[in-house]
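Listed below are the residues making up each chain.
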Amino acid sequence: MALSKQTIAQLAEHLESCQLQVRDTPKITDEHPEMDWDDAYAVQDAILARKLARGARLVGLKAGLTSHAKMQQMGVTAPVFGFLVDEFSVAEGAAVKAGELIQPKVEPEIAFVLKHPLKGPGCHIGAVLAATDFVLPGIEVIDSRYRDFKFDLKSVVADNTSASRFVVGGRPMRVQDVDLRTVGLVLEKNGQPVALGAGAAVLGHPAAAVAALANHLGARGQEIPTGTLILSGGATEAVSVQAGDAVALRVQGMGSVGLRFT
Ligand code: OOG
Ligand code: MG
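I will try to describe carefully the structure that is included in this document.

Conventions used here
Residues numbered from 1 in each chain as written. Chains lettered and ligands numbered in written order. Predicted model: local features only at pLDDT ≥ 70, side-chain atom pairs only at ≥ 80, totals over all residues. Heavy atoms only, no water. Helix = DSSP H or I, 4+ residues; strand = E, 2+ residues; numbered from the N terminus. Rg over C-alpha atoms; globule rule 2.2 N^0.38 Å. Contact = heavy atoms within 4.5 Å. Areas by Shrake-Rupley, 256 points an atom, 1.4 Å probe, with all protein chains shown as cover. Core = buried A, V, L, I, M, F, W, Y, C linked by side-chain atoms within 4.5 Å. Buried < 20%, exposed > 50% of the residue type's maximum accessible area, 1.4 Å probe, protein only. Axes fitted to C-alpha atoms, helices over the stretch in contact; angles between N-to-C directions. Parallel < 35°, antiparallel > 145°, perpendicular 65-115°, else oblique. Left-handed = near helix turned anticlockwise from the far one by under 90°. Nonpolar A, V, L, I, M, F, W, Y, C, P; charged D, E, K, R; others polar. Phe/Tyr/Trp six-rings, centres within 6.5 Å; stacked < 30°, edge-to-face > 60°. Lys NZ or Arg CZ within 6 Å of the ring centre and 35° of its normal. Near = heavy atom within 4 Å. Polar contact = N/O pair within 3.5 Å; in protein donor to acceptor, adjacent residues only side chain to side chain. Pairing = 2+ DSSP bridges.

Attention shifts here to the overall build of the protein chain. From N to C terminus, the protein chain includes six helices and 12 strands. Taken over the C-alpha trace, the protein chain has a radius of gyration of 17 Å; the compact-globule value for 262 residues is 18 Å, and the two agree within 12%. For the protein chain, the spread of C-alpha atoms along the principal axes amounts to about 50 × 45 × 35 Å. Across the protein chain, every contact between residues at least 6 apart in sequence was considered, and the portion connecting residues at least 24 apart equals 76%. Carbon and sulfur atoms provide 52% of the accessible area of the protein chain, an area that totals close to 10800 Å².

Laid out in structure tokens, this is it:
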């Protein structure tokens, strides 16, 4: 760790205030270029601790920057991991107030729900499939607290990987009943297809993103508990949205899920 406990607490307060007060900030590595990976995840953990202390519930985990389209769009080269709390959860078809968000974008994702815990190191696609209860379509709404979505990997980890809102729905499927590599995803905005992809865009197989998450947590002595909802990462580049937009995700054989911005 390169940063003091006090600096980590300050950065967590700063980034969470930006989220809650809907304002952006330059990326934090501009002021703290020495920040290392442990610091970045410590800031993220401190944001989670602030939310839990106010009564929030941890409802899931996410992998991000798991597809080439996303890595290319953001100019980075490695996946990142974050948390989901109840205040991020949106009911299927419900409205999100665009005024509560800085610069929202939507991402088409495959969500996993576990029936067994997963623990790295050494977690692989087979272990993930064996531990998965079902998969279902999910839309993640990301909203970087960094001006114009300009960040490096450590800054975005500290900012809980731009997590903001998410919705899951459609038809849950057993993993043996769907080929998660070839499954097609169509993201629609106001009835128009705006991004098209297949599951394999996510690290070759979306379960690989869940394995990477388990291995990341395993390196920190943690596991993914039973029942966890996991967003495996955008299969295409993210699409900007604003008040008035309606977004739907159709996943082949898995129905559709949607939300609106008002
Ligand atoms: C980081 C979060 C990326 C995904 O699914 O790739 C992410 C960002 O692009 O702001 O959630
Ligand atoms: Mg995402």
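We now examine the nonpolar core. One finds Val-106, Phe-112, Leu-118, Val-135, Ile-224, Leu-259 and Phe-261 to be the most contacted residues of the largest nonpolar core, which totals 85 residues. No other element matches the seven residues that helix α6 (residues 206–218) contributes to this core. In contact with Val-106, not counting residues within four places along its chain, are Ile-139, Glu-140, Val-141, Leu-187, Ala-238, Val-239, Val-241, Val-247 and Phe-261.

In the contact formed by helix α1 (residues 5–21) and helix α2 (residues 37–53), the axes pass within 8 Å of each other and the chain directions differ by 60°. It follows that α1 is oblique to α2 by the angle criterion. Helix-helix and strand crossings are classified by hand; for α1 and α2 the assignment is right-handed. Every residue of α2 that contacts α1 at Ile-8, Leu-11, Ala-12, Glu-13, Leu-15, Glu-16, Gln-19 and Leu-20 is listed here: Asp-39, Ala-42, Val-43, Ala-46, Ile-47, Arg-50 and Lys-51. Looking at the contact of α1 with α2 residue by residue, the class counts come to nine nonpolar, one polar and five charged.

Once that is clear, we can look at the packing of aromatic side chains. Two descriptors summarise a pair of aromatic rings, namely the distance from one centre to the other and the angle between the planes of the rings. Following the criterion strictly, the structure yields two aromatic pairs and no others. With a centroid separation of 6.3 Å and an interplanar angle of 15°, the aromatic rings of Phe-83 and Phe-88 are classed as stacked. Like Phe-88, Phe-83 is buried. Sitting above the plane of the Phe-149 ring, Lys-105 keeps its charged end 4.1 Å from the centroid.

Right, let's get into the site of ligand 1. Lining the immediate environment of ligand 1, one finds 17 residues, of which Leu-65, Lys-70, Glu-107, Ser-162 and Gly-234 sit closest. Contact between ligand 1 and Leu-65: an oxygen atom at 2.7 Å from a main-chain N or O atom of the residue. Between ligand 1 and the protein, one listed contact pairs an oxygen atom with a side-chain N or O atom of Glu-109 at 3.0 Å. Contact with the protein chains covers 100% of the free accessible surface of ligand 1, which is 320 Å². Broken down by secondary-structure element, the contributors of at least two residues to the shell around ligand 1 are β1 (58–64), α3 (68–74), β4 (105–114) and β5 (132–142). When residues of the shell around ligand 1 are assigned to their parent elements, the largest contribution, three residues, is made by β1.

Quick look at the side chain of Thr-66 now. You can see Thr-66 is positioned in the loop between β1 and α3. At 2.9 Å, the side chain of Thr-66 and the backbone oxygen of Ser-232 are in polar contact. Those residues in contact with Thr-66 that sit more than four places away from it in its chain are Met-71, Pro-79, Ala-201, Val-202, Leu-203, Ala-209, Ser-232, Gly-233 and Gly-234.

To continue, consider the sheet that holds strand β3 (residues 95–96). One open sheet accounts for five strands, arranged β3-β12-β11-β7-β8; its pairing is mixed. Each edge of the open sheet carries a strand with a single partner, namely β3 and β8 (192–198). As paired strands, strand β11 (residues 246–251) and strand β12 (residues 256–261) are joined by five bridges and run antiparallel to one another. Bridge pairing in β12 places Leu-249 opposite Val-257.

Moving on: the pairing of strand β7 (residues 184–189). Judged from the six bridges that link them, β7 and β8 form a sheet pairing that is antiparallel. Bridging across to β8, Gly-184 finds its partner in Ala-198. Pairing analysis gives five bridges linking β7 to β11, with the strands arranged antiparallel. What sits directly across from Lys-189, in β11, is Val-247.

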